[in-house]
Amino acid sequence: MLFRSSTSIAIGADGLGTIWYGESSTGALRVAHCKDTACSEFYTNNTSIIGSDPAVTIGTDGLGLVSFYDQSTADLRLLHCDHVTCFDRTGPYAPITLDSAGNVGRFSSITIGADGLGLISYFDVTNARIKALHCGNATCTISNTITALDNTGQPGSDTSITIGADGLGLISYYDVANGDLKVLHCGNLVCNSGNSVTTVDNSGDVGSNSSIAIGVDGLAMVSYYDASNQNLKALHCGNAACNSGNISSTLDINYRFIGIANIGLYTSIALGADGLMLISYYEQGHADLKVFHCSNLTCSTYTRVGR
């Protein structure tokens, strides 16, 4: 059985991991729920949902919200779990369509806003722009607000969304046409006015495979891939909007002459219990999973890499 590379994980109200991923042989989504905190054992469940690019978060009701791209209809869709395990308990899974205006929904990322409602970033392929959807209720079934955001270049690939210390959304994403890393700061809870867009790194072809998280200093850190140099990079935002005082650092460097190449693919960043960032990523040269542990809040000096 073959599986897709895109996965998403969240810690449920029971304190255990819930993981969504795709099965390449059928194109259907699957869910795994850990039996213990170490996830040494887990339950898995097949679904009949055709989809890719799943992103999961836990709502204020303690249940999972999963956004994904439906390849068969080219729509952004969402599933609200009916149980903490995300295994269906009341009948067949019934995902809803959130946006069907063209080819939409690739590279979605989902979080819960300061108002307790879902906020989703995703790519509108038809119009080559990034969009945001703010849910109108806990299940995203009524009064949703869709906003077209940046359309300069071809922005919206590899989106990642979080909520800043100011309670507003922050979205990192890749501008394919210009090869730049961008960050959008929402101007309100719905992300439909007062937004600001900043190109935070344009030093070559940079910004794909981005992931964003908030540090203990209340400022965002973005991990991403530098395609020009095949390196892992990270950027520490200098303020809440990420539009000044930013620090960009190269963290892990390729050495192609010894087979170490394409370092920094598929990054994911999270705040560790020690208050410092942890970044997981893929090194293509040796086909290795690696982890980078930052040594300070800005991740701007050399520190330990493990694999």
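For the structure itself, look to the data block above.
Peer 1: Kindly report on the overall build of the protein, identifying the contributing residues and their values.
Peer 2: Within the protein, the regular secondary structure consists of 0 helices and 24 strands. Along the first, second and third principal axes, the C-alpha set of the protein runs to 55 × 45 × 35 Å. Taking all contacts inside the protein whose residues are at least 6 apart in sequence as the whole, residues at least 24 apart take part in 38%. Accessible surface, the protein as shown: approximately 12400 Å² in total, 51% of it carbon and sulfur. Positive and negative side-chain charges in the protein, numbering 14 and 26 respectively, have mean positions lying 5 Å apart.

Peer 1: An account of the packing of aromatic side chains is needed here, citing residue identities and associated values.
Peer 2: A ring pair, where both rings are aromatic, is described by two values, the distance of the centres and the angle of the planes. If you walk through the whole model with that rule in mind, you get 3 aromatic pairs. The ring of Y43 is capped by K35, whose NZ or CZ atom sits 4.6 Å from the centre of that ring. The ring of Y69 carries the charged tip of R106 above its face, separated from the ring centre by 5.5 Å.

Peer 1: Help me get a handle on the sheet that holds strand β8 (residues 96–99), residues and values and all.
Peer 2: Sheet strands pair by backbone hydrogen bonding; their relative direction is either parallel or antiparallel. One open sheet holds the 4 strands; their spatial order is β5-β6-β7-β8, and the pairing between them is antiparallel. A single partner strand is all that each edge strand has here, and the edge strands are β5 (52–58) and β8. Each neighbouring strand pair of the sheet contributes to a mean axis angle of 30 degrees, computed without reference to strand direction. Across 5 bridges, β5 lies against strand β6 (residues 64–70) in antiparallel orientation.

Peer 1: Break down the state of the cysteines for me, citing the residues and quoting the values.
Peer 2: In protein structure, a disulfide is the covalent linkage between the sulfur atoms of two cysteines. The tally for this structure, following the rule as stated, stands at 6 disulfides. Covalently, C81 is tied to C86 through a disulfide, its sulfur atoms 1.9 Å apart. In this structure the cystine formed by C81 and C86 twists about its S-S bond by roughly 80 degrees; its chirality is therefore right-handed. Note on C81: relative accessible area 1%, which makes it buried.

Peer 1: I'd love a proper account of the pairing of strand β19 (residues 231–236), names of residues and values included.
Peer 2: Consecutive side chains of a regular strand alternate in pointing toward one face of the sheet and then the other. By the criterion of burial, β19 is predominantly enclosed, with 6 of the 6 residues buried. Burial along β19 is two-sided: N231, K233 and L235 and L232, A234 and H236, pointing in opposite directions, are all buried. Here strand β18 (residues 220–226) runs beside β19; their pairing, made up of 6 bridges, is antiparallel. For D226, the partnering residue across the bridge sits in β19 and is N231. Where β18 folds back onto β19 in an antiparallel hairpin, the turn is made up of 4 residues, including Q230, whose phi is positive at roughly 60 degrees.

Peer 1: Explain a nonpolar patch on the surface to me, using residue names and the numbers behind them.
Peer 2: A cluster of nonpolar residues, V216, L271 and L297, forms a patch on the protein surface that exposes about 250 Å² of accessible area. Considering the arrangement of structural elements, one finds V216 in the loop between β17 (206–214) and β18.

Peer 1: If you had to explain empty space enclosed by the protein to someone new, which residues and values would you point to?
Peer 2: Tallied over the full model, the rule gives 1 cavity of 30 Å³ or more. A volume near 60 Å³ is recorded for the largest cavity. Each residue belonging to the lining of the largest cavity can be placed in one class, and the counts come to 7 nonpolar, 4 polar and 1 charged.

What counts, and where the lines are drawn
- Residues numbered from 1 in each chain as written.
- Predicted model: local features only at pLDDT ≥ 70, side-chain atom pairs only at ≥ 80, totals over all residues.
- Heavy atoms only, no water.
- Helix = DSSP H or I, 4+ residues; strand = E, 2+ residues; numbered from the N terminus.
- Contact = heavy atoms within 4.5 Å.
- Areas by Shrake-Rupley, 256 points an atom, 1.4 Å probe, with all protein chains shown as cover.
- Lys, Arg positive; Asp, Glu negative; His and termini not counted.
- Charge placed at Lys NZ, Arg CZ, Asp CG, Glu CD.
- Phe/Tyr/Trp six-rings, centres within 6.5 Å; stacked < 30°, edge-to-face > 60°.
- Lys NZ or Arg CZ within 6 Å of the ring centre and 35° of its normal.
- Pairing = 2+ DSSP bridges.
- Axes fitted to C-alpha atoms, helices over the stretch in contact; angles between N-to-C directions.
- Disulfide = S-S within 2.5 Å.
- Buried < 20%, exposed > 50% of the residue type's maximum accessible area, 1.4 Å probe, protein only.
- Patch = residues over 30% accessible without salt bridge, like charges linked within 9 Å, V, L, I, M, F, W, Y side chains within 5 Å.
- Salt bridge = Lys/Arg side-chain N within 4 Å of Asp/Glu carboxyl O.
- 1 Å grid on protein atoms, 1.4 Å probe; cavity = no way out; pocket = protein on both sides within 12 Å on 5 of 7 lines; lining within 4 Å.
- Points joined across faces, edges and corners; volume = space filled by probe spheres on them.
- Nonpolar A, V, L, I, M, F, W, Y, C, P; charged D, E, K, R; others polar.

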